[in-house]
Amino acid sequence: MEGNIKLMREDGLRLDGRSLNEMRPIKIQTGVVDRADGSAFIEWGANKIIVAVYVREAYPKHAQNIDRAIVKARYNMSGYSVEERKRPGPDRRTMEISKVVSEALSSAIVLEKLPRAEIDVFIQVLEADAGTRIASLTASSVAVADAGVPMRDLVVGCTAGKADGKIVLDLSKDEDNFGQADIPMAILPRTGKVVLLQLDGDVTEEEFNEATSMMMDAMPRISELQRNALMSKYSIEDGE
Ligand code: ADP
């Protein structure tokens, strides 16, 4: 992260015209992969991510947990999801994102209800434009619910950070690349439990608190989009 590129306009708005606490537009759809048990598609700004969930008995048998389910999220970026073609296959970053997403989802799923099961969450990033781990997690949570997996809550997340010395919500690609900090966070909204929190860069304690409170203010709006996505699928099917 570098701090010497101008990320704020003279009028106090961000380069893409957003105010400091303004999100990019988000759209979520469920039921987009027929053969999956559950699925979701999310567009978050210019990010486009598809998630397919499959629930099955864990195999081989010695990998099973006799008293609960295992959650395996696999985050993958398509070669042409970024400006310069990304080398295919897992790397440190994709393994890290798979791990943090698996852990966050595990906190939301009632794992004891599905002993011996494996919940596979395949995340395919078709277009990446900063904030993909949180967009992936937000969509994965909807896809897992769409699969009928018992959940305590729908995990919801967003990102804040520091750009040109100011705390901003939902970093753009430029703010992510050239800003001073990137803080993705996800919670279980019913209890407020934090299930993902990372910090890349430097912030003071005061700035950190400002960033988390900005994110907490935005979470209910994203939760609503998740619920609407699930409800619109089922209400259309019921009405047919
Ligand atoms: P997140 O996508 O959660 O913000 P990062 O902060 O690690 O995760 O990445 C920020 C952005 O950088 C990504 O959304 C993507 O647009 C871009 N990016 C990540 N990995 C690569 C890569 N290997 N090649 C080109 N761009 C990448």
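Cut-offs applied
Residues numbered from 1 in each chain as written. Predicted model: local features only at pLDDT ≥ 70, side-chain atom pairs only at ≥ 80, totals over all residues. Heavy atoms only, no water. UniProt positions renumbered as here; feature names shortened; annotations may be inferred. Helix = DSSP H or I, 4+ residues; strand = E, 2+ residues; numbered from the N terminus. Expected span 1.5 Å × (residues − 1). Buried < 20%, exposed > 50% of the residue type's maximum accessible area, 1.4 Å probe, protein only. Contact = heavy atoms within 4.5 Å. Polar contact = N/O pair within 3.5 Å; in protein donor to acceptor, adjacent residues only side chain to side chain. Pairing = 2+ DSSP bridges. Near = heavy atom within 4 Å. Areas by Shrake-Rupley, 256 points an atom, 1.4 Å probe, with all protein chains shown as cover. 1 Å grid on protein atoms, 1.4 Å probe; cavity = no way out; pocket = protein on both sides within 12 Å on 5 of 7 lines; lining within 4 Å. Sits in = over half its atoms within 2 Å of the grid points. Salt bridge = Lys/Arg side-chain N within 4 Å of Asp/Glu carboxyl O. Phe/Tyr/Trp six-rings, centres within 6.5 Å; stacked < 30°, edge-to-face > 60°.

- The protein chain has the name Exosome complex exonuclease Rrp41 in an unreviewed UniProt entry, where Ferroplasma acidiphilum is given as its organism.
- The record in UniProt for the protein chain states the following under Subcellular location (unreviewed entry): "Cytoplasm".

### Side note on helix α1 (residues 92-108)
Item 1. For α1, spanning 17 residues, the distance from its first C-alpha to its last is 25 Å, which sits close to the expected 24 Å at 1.5 Å a residue.
Item 2. Those residues of α1 that sit buried are Thr94, Ile97, Ser98, Val100, Val101, Ser102, Ala104, Leu105 and Ala108.
Item 3. Where α1 is buried, its residues touch β4 (70-77), β5 (117-127), α2 (132-146), β8 (181-188) and β9 (193-197).
Item 4. Here α1 starts with a cap whose side-chain oxygen sits 3.2 Å from the backbone nitrogen of Arg93, and that cap is Asp91.

### Quick look at the pairing of strand β1 (residues 26-30)
Item 1. Because side chains alternate across β1, one face comprises the buried residues Ile26, Ile28 and Thr30, and the other comprises Lys27 and Gln29, none of which is buried.
Item 2. Of the pairings in the sheet, the one linking β1 to strand β2 (residues 38-44) comprises 5 bridges and is antiparallel in character. Considered in β2, the bridge of Ile26 is made with Trp44.

### Details of the site of the ligand
Item 1. The ligand sits among 13 residues. The nearest are Arg93, Ala130, Gly131, Thr132 and Arg133.
Item 2. Contact between the ligand and Asp182: an oxygen atom at 3.5 Å from a side-chain N or O atom of the residue.
Item 3. About the coverage of the ligand: the protein hides 76% of its 540 Å² of free accessible area.
Item 4. More than half of the atoms of the ligand fall within 2 Å of the grid points belonging to the largest pocket.

### Considering the pattern of salt bridges
Item 1. Within this structure, the stated rule accounts for 19 salt bridges.
Item 2. Across the salt bridge formed by Asp129 and Arg24, the nearest N and O atoms sit 3.9 Å from each other. Taken as a pair, Asp129 in the loop between β5 and α2 and Arg24 in the segment before β1 lie far apart in primary sequence, 105 residues in all.
Item 3. We classify Arg24 as buried; its relative accessible area is 8%.
Item 4. Put simply, Glu96 and Arg133 hold a salt bridge, and the shortest N to O gap is 2.8 Å. Of this pair, Glu96 sits in helix α1 while Arg133 sits in helix α2, and the two are 37 residues apart along the sequence.
Item 5. When salt bridges with common partners are traced through the structure, they connect Asp16, Arg18, Arg24, Asp129 and Asp170 into a single cluster.

### Focus on the UniProt feature "domain: Exoribonuclease phosphorolytic" (unreviewed entry) in the protein chain
Item 1. According to UniProt, the feature "domain: Exoribonuclease phosphorolytic" (unreviewed entry) maps to residues 22-150 and 153-214 in the numbering used here.
Item 2. Structurally, residues 22-150 is divided into 25% helix and 33% strand, and its ends, taken at the C-alpha atoms, are 33 Å apart.
Item 3. The span residues 153-214 shows a helical share of 26% and a strand share of 44%, and its end C-alpha atoms are spaced 21 Å apart.

### Looking at the packing of aromatic side chains
Item 1. Counted under the stated rule, the structure contains 1 aromatic pair.
Item 2. Seen from their ring centres, Tyr54 and Phe122 are 5.8 Å apart, and the 70° between their planes marks the pair as edge-to-face. With Tyr54 in strand β3 (residues 47-57) and Phe122 in strand β5, this pair connects stretches of sequence that are 68 residues apart.

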